[in-house]
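Structural overview for review
Spelled out from the first residue to the last, the chains are:
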Amino acid sequence: MRGRERAADRLLSCLSNPLRLDIVRALSKEPLLSFTDLMRRVGLDVKVDTGRFGYHLRRLVDEGVIRLNPSAKKYELTELGRQVADLISTLEDTTGGARSLLVRTSRLQMEPFNRSKIAEALEREAGVPKRIAVDIAKEAEERILRLNVKYLTAPLIRELVNTILIERGLEDYRHSLTRLGLPVHDVTNLIKDSARHSSPDYLYRRAGEAILAEYSLLKALPRHVADAHLSGAINISDLPGWTLRLNSLHHDLRALLSPRSPLPLPKLEEGRLGRALRALTSALTAYESHVAREQALDFFNMFLAPYARGLRAEEVKEELRFFLSELNWLFQSKRLRGYAPSLSLELSVPRAVAELKTPLGGLYSDYVDEALLIAEALLEVLAEARGVVYAAPQVIVKLRGFESDLLFKAHEASLRSGLPCYANLTLSWQGDNASYAAFFTRLGSEWKGDWELDTLRAGCLGEVSINLPRVAYEAGGSDSLFLEALWERVEMAVNAFAVKRESVGERLRDGLLPLLSFSLDDGPYLRVEECSCNVCLVGLPEAVKMHVGEYPYESRRAASFTLKVLRSLSSHLEKLSSEIGVRLLPSTSPSENPSSRFASADLARLDKSKLVYQGSKDRPYYSLNPLSPRSSYVPLKRRARLEGMVHAVSPGGHFMSLEVGDAGVEELASLTRRLFQEHGVASLAYNRTFTHCSVCGGLFPGVRAKCPACGSSGRTLTYYGRADALYKPSTLWSPEEKDLVTKSHRYEV
């Protein structure tokens, strides 16, 4: 008994020296250390302190606390030494350590510091093995004590732990432990920016989106895909909502206005067009949390026709004017950052729709007059303008022929207000139906061969844009390397789409998207298997110029290479679609414009002398148009012919944007007919710039320095133009958008 007491006395005497305690602590963190490494760990100088250190080391060896590992020739703790190390750790936890410090937690509470919570968080959040987690927690506590702080926050502790993980080469664990959020400086700037926009909703939306975008990059997407997005090789559209919502949705008005809809509806019957339109406005607003960029209302006048029976033309027009104004206000109040609605009009009754039953009984063929009345009234509202340029909704007239009496009325509206746009359904490859959304994202009937399944209650699940000038830069003039680099980006896109499909499927099963999952007779409202995943090409003209030395319109060789890229992509995606069962579509019309982000990233990291871009070095951007920069003059016939060929091989989205000057209604209608019939253009938007005067309320074509009516100038004037598919006021133009609107080549008809 007395012998054991003496042994304990010797051990405690040995451990009474602080340096020996530091040696034990060092070996508890790193099991094997050489004499020299151990000296450095406890902060001693190898040249000066070797003798002193050797003395203390021998004391620990003599007491059986440490030993020299014979095979490794390094020092390690014995079983007794490990027990001593555990005892030291327990005593430190009990008698002090950092427990006297208070921590402001992420739950906005004040709690005493407890290093075990660090270890638990490492295990729970990052999957760190328990032994490593405990060790890291100990080191974090020691560093906190050395900092001599009186007040801690959870983010500070997390930053410190992440630093330790990086130092130890545990990058994957650090990746999972990263905290999502915005720096205080960024939030301050966001508040100021929101004040300029007079929109608190803008602040809430942007702050929330910033956190969700970080989550998508750090947690949801594969690392190499996230890195490609950050580097500007690709762009993942709606990054904040990538795991939460659709990019676009093509609605079925019949289902939206049916009693099966989960939304509250007024009593709908013949002659209640106003009620139906207000119900649609409410529905579109409700779906905003489910859909990021576009909501399309196809067969708008056909499916609303029963509710217009018995109404006079002026009554229909007044209801539609209020409906358009409300959608426009809702979109502009969000600074054009919300969903963009679109309405598609039929100027004749499609045979397939005519035989469908209406929700009120009877067939749609019984309501032909009402359908045409709605179309005519809406076109008249657009033509009258009344000092309004509609940023939303996009209005698209679907032409299945060119004999309609409403054709001239549509083109009169296009001249006066810039709307409607046109879709060419006379083309054989368009099938029985093609549905275009606000940014000309397209769904056709070629997927399952059934126009209802393929184009209604489906949408674009997500889109990934590819930085083509970067591809051309890497290819160095080699066609094979160009395609190889392109397929590499396509593979990244497919990986991102896999995450999107799985995540949205989970949200649907969890009940987070109830407006997409409610049941109808033939299944859930959203036909998720029919949703497309779009691969969009950005900067194609610049890429072709870099690759072959000319823009696509400048030579046969450049045009040939352009079509080769598009046809190869279309064929490649078609093959992948059949292999994995996902509707992969090529597109030249992205709903999110990454052109300036791509160009800025390239100028920052690549040889500027080899790059082709638009704008300036300070404000660069690439073209969204697949054939030429907007400012370039391209003979109209040549451009139309190339546009027609491009549209045929980009079924996910496309449109020809044409800046026109003053023209007659008949001349413009004739131009549309030629572009559609002779050149195969599939969709068309006539661009007009406008000046709006806030003093007199006048709206005038062109960019005017003074109001022609009242002579006002300066800030009283707002300009409108299309930088992409939608009209936007000059107060929201970015520098590149101003460049696009003001420098676009104008065609005289």
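Our subject in this report is the structure included herewith. Computed from a predicted model, the values in this text were never measured in an experiment.

If you walk across this open sheet you meet the four strands as β6-β14-β17-β18, and the pairing is mixed. Looking at which strands have only one partner, the edges of the open sheet turn out to be β6 (234–236) and β18 (583–587). The mean angle between the axes of side-by-side strands here comes to 25°, regardless of whether they run parallel or antiparallel. By the bridge criterion, five bridges tie strand β17 (residues 532–538) to β18 in an arrangement that is parallel. Bridged to Ser-532 within β18 is Arg-583. Helix α25 (residues 556–580) rests against β17 and β18 of the sheet, and its axis sits at about 170° to β18.

Before going further, it helps to examine helix α2 (residues 18–29). Given a rise of 1.5 Å per residue, 12 residues ought to cover 16 Å, and the 17 Å separating the end C-alpha atoms of α2 matches this to within 8%. Within α2, the full set of buried residues consists of Leu-19, Arg-20, Leu-21, Ile-23, Val-24, Ala-26 and Leu-27. Where α2 starts, the residue carrying a side-chain oxygen 2.8 Å from the main-chain nitrogen of Leu-19 turns out to be Asn-17.

It is worth spelling out the sheet that holds strand β9 (residues 340–346) at this point. Spatially, the seven strands line up as an open sheet ordered β7-β8-β9-β10-β11-β22-β21, and their pairing is mixed. Whereas interior strands pair on both sides, the edge strands pair on one side only; in this sheet they are β7 (246–251) and β21 (656–659). Pairwise comparison of adjacent strand axes, ignoring direction, gives a mean angle of 20° for this sheet. Of the pairings in the sheet, the one linking strand β8 (residues 291–297) to β9 comprises four bridges and is parallel in character. Following the sheet pairing, Glu-294 is matched in β9 by Ala-340. Contacting β10 (394–399), β11 (421–424) and β22 (683–687), helix α19 (residues 407–417) runs over the sheet at an angle of about 135° to β11. Contacts between helix α28 (residues 665–677) and the sheet are confined to β10, β11, β21 and β22, with β22 contributing the most and set at about 150° to the helix.

Under the criterion given, the structure shown has 15 aromatic pairs. An angle of 15° between the planes, with centres 5.8 Å apart, marks the rings of Phe-300 and Phe-323 as stacked. In this pair, Phe-300 is assigned in helix α15 (residues 300–304) and Phe-323 in helix α16 (residues 313–333), connecting sequence segments 23 residues apart. Judged by relative accessible area, which is 0%, Phe-300 ranks as buried. Residue classification places Phe-323 among the buried residues on the basis of a relative accessible area of 1%.

It is worth spelling out the pairing of β9 at this point. Of all seven residues in β9, seven are buried; the element is thus mostly enclosed. Across the two faces of β9 the burial is the same, with Ala-340, Ser-342, Ser-344 and Glu-346 and Pro-341, Leu-343 and Leu-345 all buried. Across five bridges, β9 lies against β10 in parallel orientation. Looking at the pairing, Glu-346 lines up with Lys-398 of β10.

Tracing the backbone shows Lys-317 in helix α16. Lys-317 sits 123 residues away from Phe-440 along the chain, and the two C-alpha atoms are 26 Å apart. Ignoring sequence-local partners within four residues, the contact set of Lys-317 consists of Ala-377, Glu-380, Val-381 and Glu-384.

Turning next to the nonpolar core. By size, the foremost hydrophobic cluster in this structure holds 172 residues, and its most contacted members are Leu-221, Phe-300, Leu-304, Phe-482 and Leu-675. No other element matches helix α22 (residues 479–510), which puts 13 residues into this core. The contact partners of Leu-304, leaving out residues within four places of it in the chain, are Leu-253, Leu-257, Leu-273, Ala-276, Leu-277, Leu-280 and Ile-374. Val-24, Phe-53, Val-65 and Ala-85 belong to the second largest nonpolar core, which has 24 residues in total.

What follows is about the pattern of salt bridges. Under the defined criterion, the tally for this structure stands at 49 salt bridges. Members of the salt-bridge network, linked through shared partners, are Lys-317, Glu-318, Arg-321, Glu-376, Glu-380, Glu-384, Arg-386 and Lys-409.

Turning next to the pairing of strand β2 (residues 74–77). Regular strands place side chains that alternate from one sheet face to the opposite one. Two strands pair when backbone bridges link them, and strand β1 (residues 66–69) and β2 are joined in this way by four bridges, in the antiparallel orientation. The partner of Ile-66 across the bridge, within β2, is Leu-77. Counting the residues that bridge the hairpin from β1 to β2 gives four residues, and of these Lys-73 lies at a positive phi of roughly 60°.

Bringing unusual backbone geometry into the picture now. Glycine aside, residues mostly have negative phi, and peptide bonds are mostly found in the trans state. Of note, the bond from Ala-392 into Pro-393 is cis; its omega dihedral lies within 30 degrees of zero at 0°. By the secondary structure assignment, Pro-393 is in the loop between α18 (368–384) and β10. In this model, Leu-419 is joined to Pro-420 through a cis peptide bond whose omega is 10°. For Asp-238, which is not a glycine, the phi torsion comes out positive at approximately 50°. In this structure, Asp-238 sits in the loop between β6 and β7. Residue class for Asp-238 comes out buried when judged on its relative accessible area of 7%. Within the chain, Arg-457 stands out as a residue other than glycine whose phi angle is a positive 60°. Relative accessible area serves as the criterion here: at 5%, Arg-457 is assigned to the buried category.

Counted according to the given criterion, the structure contains five cavities of 30 Å³ or more. Each pocket or cavity is described by its volume, and for the largest cavity that value is around 290 Å³. Lining of the largest cavity is provided by 24 residues; of these, Leu-624, Asn-625, Arg-630, Phe-655 and Ala-723 occupy positions nearest its centre. Its residues assigned to classes, the lining of the largest cavity shows 11 nonpolar, 10 polar and three charged.

Before going further, it helps to spend a moment on helix α6 (residues 115–126). Over its 12 residues, α6 extends 16 Å from the first C-alpha to the last, a length consistent with the 16 Å expected when each residue adds 1.5 Å. Of all the residues in α6, the buried ones are Arg-115, Ile-118, Ala-119, Ala-121, Leu-122 and Ala-126. For α6, the buried positions fall inside an angular range of 160° around the axis, keeping them on one side. Remark: Gly-127 follows α6 within two positions and exhibits a positive phi of approximately 70°.

The rules we used
Residues numbered from 1 in each chain as written. Predicted model: local features only at pLDDT ≥ 70, side-chain atom pairs only at ≥ 80, totals over all residues. Heavy atoms only, no water. Pairing = 2+ DSSP bridges. Helix = DSSP H or I, 4+ residues; strand = E, 2+ residues; numbered from the N terminus. Axes fitted to C-alpha atoms, helices over the stretch in contact; angles between N-to-C directions. Contact = heavy atoms within 4.5 Å. Expected span 1.5 Å × (residues − 1). Buried < 20%, exposed > 50% of the residue type's maximum accessible area, 1.4 Å probe, protein only. Polar contact = N/O pair within 3.5 Å; in protein donor to acceptor, adjacent residues only side chain to side chain. Phe/Tyr/Trp six-rings, centres within 6.5 Å; stacked < 30°, edge-to-face > 60°. Core = buried A, V, L, I, M, F, W, Y, C linked by side-chain atoms within 4.5 Å. Salt bridge = Lys/Arg side-chain N within 4 Å of Asp/Glu carboxyl O. 1 Å grid on protein atoms, 1.4 Å probe; cavity = no way out; pocket = protein on both sides within 12 Å on 5 of 7 lines; lining within 4 Å. Points joined across faces, edges and corners; volume = space filled by probe spheres on them. Nonpolar A, V, L, I, M, F, W, Y, C, P; charged D, E, K, R; others polar. Arc of directions from axis to C-beta.

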